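Listed below, chain by chain, are the residues.
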2 protein chains.
Amino acid sequence: MSNFLKPEAISGFPEWLPEERILEQSILDMIRENFEKYGFVPIETSAVEKTAMLIAKGSNDREIYTLGRLSNYSGDNDQNLALHFDLTVPLARYVVQNYGLLSFPFRRYQIQKVWRGERPQSGRFREFYQCDIDVVGDRELPLLVDAEMPSVIYQIFKQMNIGKFMINVNNKKILQGYFSFYGLSSHCINEAMHAIDKLEKVGVAETRKTMAEKGIGANTIDDIINFASINKSINETMEYLRSCKVDNELFLQGVDELEQVIGHMNSLGIPQESYKINLGIVRGLDYYTGTIYETTLIDYPGIGSICSGGRYDNLTSFFGDKKMPGVGISIGLTRLFSQLLKAGIIKTGPSTTALVLITSMDKNLMSYYFNIATLLRDSGIKTEVYFDSKKLGDQLKYASKKGFRFAIIAGNDEVNKNSVQIKNLETGEQNFVNLNDVCSEVSKIM
Amino acid sequence: MSNFLKPEAISGFPEWLPEERILEQSILDMIRENFEKYGFVPIETSAVEKTAMLIAKGSNDREIYTLGRLSNYSGDNDQNLALHFDLTVPLARYVVQNYGLLSFPFRRYQIQKVWRGERPQSGRFREFYQCDIDVVGDRELPLLVDAEMPSVIYQIFKQMNIGKFMINVNNKKILQGYFSFYGLSSHCINEAMHAIDKLEKVGVAETRKTMAEKGIGANTIDDIINFASINKSINETMEYLRSCKVDNELFLQGVDELEQVIGHMNSLGIPQESYKINLGIVRGLDYYTGTIYETTLIDYPGIGSICSGGRYDNLTSFFGDKKMPGVGISIGLTRLFSQLLKAGIIKTGPSTTALVLITSMDKNLMSYYFNIATLLRDSGIKTEVYFDSKKLGDQLKYASKKGFRFAIIAGNDEVNKNSVQIKNLETGEQNFVNLNDVCSEVSKIM
């Protein structure tokens, strides 16, 4: 039988068991609910983009999955397509393509799979969910938007109930201005930014070495590392920034912007213990130009950033179009979900979304069972009818394994009395109930 | 500026405007809700499968999208992957792979995009949503399941509110047995089945010609076409089938099964005007072996089948595993949605999911606006705050264009009185309301 196929998992393309998918789905629903609570509107872009579009954003070529056909197919106009590797390039293309039909500022959310040909390693996926919100302005966009993002982040992670988290906020202009003030060339600034970005990961010694190799003087390196490592309260950090004798326009602009954003965040009522200014966060992506965010779990720093984003000057620059500034955040949900599950921070529940299993004691009574199912479903109670002709004990085992809350049992006795037995599968309690009272009885003990 | 990219739609990969996506999403939610109401559990399989797996199901090679990398990447283990073209092959692979971890009968739903390299033509998409349910049994599966599918179909299309629909039910064994009885060879039976499948589309003359070319005698062709075209009530059709002098085991088995399924459908309370026996439906897919379904809109026959499926003997045959019979249905939602929209049978509403827009009359009052937003959001009312510094008139225009129900307006006067104005954007009515009453007031007129 060697010509039969053997089904195997494909590395980097995660799949979940039903109970895991139910949990993941409930988190996706909660995220969506919060996005909508803030007035973000849904769009969904196709999984594919023209390859030229994806390259224009300067992504890693080797990570882009292109499409082909199993057999040659001429006369085809869908050559040169590739799967999107994020939702930002598609957003930019969508906004330019539908410019006249959209309302600006355009507040959209997208919850979709993206594909990236990463090397397989723990926690790295090749297919994963991104949950993104962005506000895109037509020519301008006030700093109020920068403050709203942490408010959405706060609501989502509070509701996700995964312990204390910290929203790190920074403004990219501050560090850039600081480097400029120290006389670093613009190429050198980029290198130094990347070095600071890795500071927490690789440590001070390694960062010092990297910066020295770029020709930065030892004293300057110390200053920069000290500056990026400041760990004070929000007010103290703002005071410190104000007192810095850094006479650089970009730096001062960054400090001003950060102060305004922090002020608005306070107005929005984000609890002070949930966020801090972290001058050391940089966000690798080059298109961020102002405010940046990174959120981490305080008790699980190893999970890394669970949500990040920032402000960019011009979303649609590679279309040569009008200037469209934006602010956005992204939750890489698959990675987060898989790590939370692995660490036991979230736990799966039932492998059914239905509450009630109607058992089939007697094939001749099926229409009675169907009748009960219809009653329950019509009153909004999710209900499965068991069809296999197994012993009642086996049916109850199936019910317990899948995690139903109630089993409904009816034989000839019950039918003659126009009643059922409701078995609470958690407590084991079993009650006779008149058929007319089934829905209210289940609702009562739900 | 010729090196700037021009964003264009890609043929066959549909995208919607926000108001369309909101409508599509509400339909997807409704379908999911109904799947869960019947106890189907969600799974999601990866977008890709090993190419060998997809070929094994004998699909059209030219329609399969394979994955490659933009640049060569050796040492990779994700060669030979392709995008799934349906959700049935993935289900089969998933069931075999997770056999020991699943409860049988396994009732799952999947609502996912699939990809098929179709020739571009109106209503044909290369990327589209499929909404599938299947029940897969371990060795056996009672005919009750065959009757439950039309019940789910009925609930969904009733709620979709798209006019009268007809669930056509048949059993493939009946026509196969009928052909056998007439002495057709098994190859000839398949050809005749395909001819009958196209009968409604191409007409009697064309079908007669096709069958004649296969060497079927003129009288037999007439008999077959008459048989497949029978259009009587359910009871009359069953009576006719019982009275047929067709002495063929497969035929009789098909009639028996059909009778049982119809009986269970009645027990389930599916209204008789919503379904009929249609001996002429065949379902092109070769793996259906018993009951088959096709649903059509009575007032819009041109849309064709909006939901179809059936019973198959063995889902996992190409894995050489134990016998796993199943019954399933599939809604090709993207095609249906696009046609309903085009025909004006469904209409888009607002391009926002939020009810309330809080206008920004005065930048200095932002914390007051944020406060109102938090009050509303905390009581579950989706709310957007307008951030741009435009005139109030422009802000209200934005609110009307996007379809908000209410605008909230507050200047210094309102703030001093701890109040707001609520403007009903449908009626134009405008009322002063105390800040404490905002939520209850909005809820009241919602």
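Not measured: the values here are computed from a predicted model.

Participant: Kindly report on the overall build of chain A, identifying the contributing residues and their values.
Facilitator: On a plain count of helices and strands, chain A comes out with 16 helices and 16 strands. Dimensions of chain A along its principal axes, counting C-alpha atoms only, are 90 × 60 × 50 Å. A total of 446 residues make up chain A; the buried ones form 59% of that total. Across chain A, contacts joining residues at least 24 apart in sequence account for 68% of those joining residues at least 6 apart. Split by element, the accessible area of chain A, about 18,100 Å² in all, is 46% carbon and sulfur. Placing the 49 positive and 54 negative side-chain charges of chain A at their respective mean positions leaves the two points 3 Å apart.

Participant: Report on the interface of chain A and chain B, specifying residues and quantitative values.
Facilitator: Listed by partner, the interface residues are 110 residues for chain A and 110 residues for chain B. When chain A packs against chain B, the two sides together hide about 10,000 Å² of surface, and 57% of this comes from carbon and sulfur. Counting the contacts that link chain A with chain B gives 18 salt bridges. Among the salt bridges present, the one from E33(B) reaches K382(A), with a minimum N-O distance of 4.0 Å. For the pair chain A and chain B, the number of links is 37 residue pairs in polar contact (both at pLDDT 80 or more). Here the side of chain A that touches chain B gets nine residues from one element, more than from any other, and that element is helix α1 (residues 18-37) of chain A. Inspection of the sheet shows strand β3 (residues 65-69) of chain A paired to strand β3 (residues 65-69) of chain B by five bridges, in the antiparallel sense.

Participant: Lay out the relation of the copies chain A and chain B in plain terms, naming residues and giving numbers.
Facilitator: Take chain A, turn it by 180 degrees, move it 0.0 Å along the axis, and it overlays chain B with an RMSD of 0.0 Å. The operation mapping one copy onto its partner corresponds to a two-fold rotation axis. The rotation axis passes nearest to the C-alpha of L67(A) in chain A, at a distance of 2.5 Å. A shared interface surface links the copies, since 100% of the contact residues of chain A are contact residues in chain B too.

Participant: Before we move on, could you go through the environment of A399(B) and cite the residues and values that matter?
Facilitator: Residue and element names in this part refer to chain B. Its place among the elements puts A399 in helix α14 (residues 392-402). The spatial distance from the C-alpha of A399 to the C-alpha of L425 is 8.1 Å, given a sequence separation of 26 residues. With near-sequence residues (within four places) excluded, A399 lies in contact with L357, F404 and L425.

Participant: So what's going on with the pattern of salt bridges? Which residues, and what values?
Facilitator: A complete count under the given rule lists 56 salt bridges over all chains for this structure. Across the pair R107(B) and E384(A) runs a salt bridge, and its minimum N-O distance is 3.7 Å. Pair noted here: R107(B) is in strand β5 (residues 106-115) and E384(A) is in strand β13 (residues 383-385), and the two residues belong to different chains. The class of R107(B) is buried, set by a relative accessible area of 2%. Note on E384(A): relative accessible area 1%, which makes it buried.

Parameters and conventions
Residues numbered from 1 in each chain as written. Chains lettered and ligands numbered in written order. Predicted model: local features only at pLDDT ≥ 70, side-chain atom pairs only at ≥ 80, totals over all residues. Heavy atoms only, no water. Helix = DSSP H or I, 4+ residues; strand = E, 2+ residues; numbered from the N terminus. Buried < 20%, exposed > 50% of the residue type's maximum accessible area, 1.4 Å probe, protein only. Contact = heavy atoms within 4.5 Å. Areas by Shrake-Rupley, 256 points an atom, 1.4 Å probe, with all protein chains shown as cover. Lys, Arg positive; Asp, Glu negative; His and termini not counted. Charge placed at Lys NZ, Arg CZ, Asp CG, Glu CD. Buried area = accessible area lost by both parts, 1.4 Å probe. Salt bridge = Lys/Arg side-chain N within 4 Å of Asp/Glu carboxyl O. Polar contact = N/O pair within 3.5 Å; in protein donor to acceptor, adjacent residues only side chain to side chain. Pairing = 2+ DSSP bridges. Least-squares fit on C-alpha atoms with pLDDT ≥ 70 in both.

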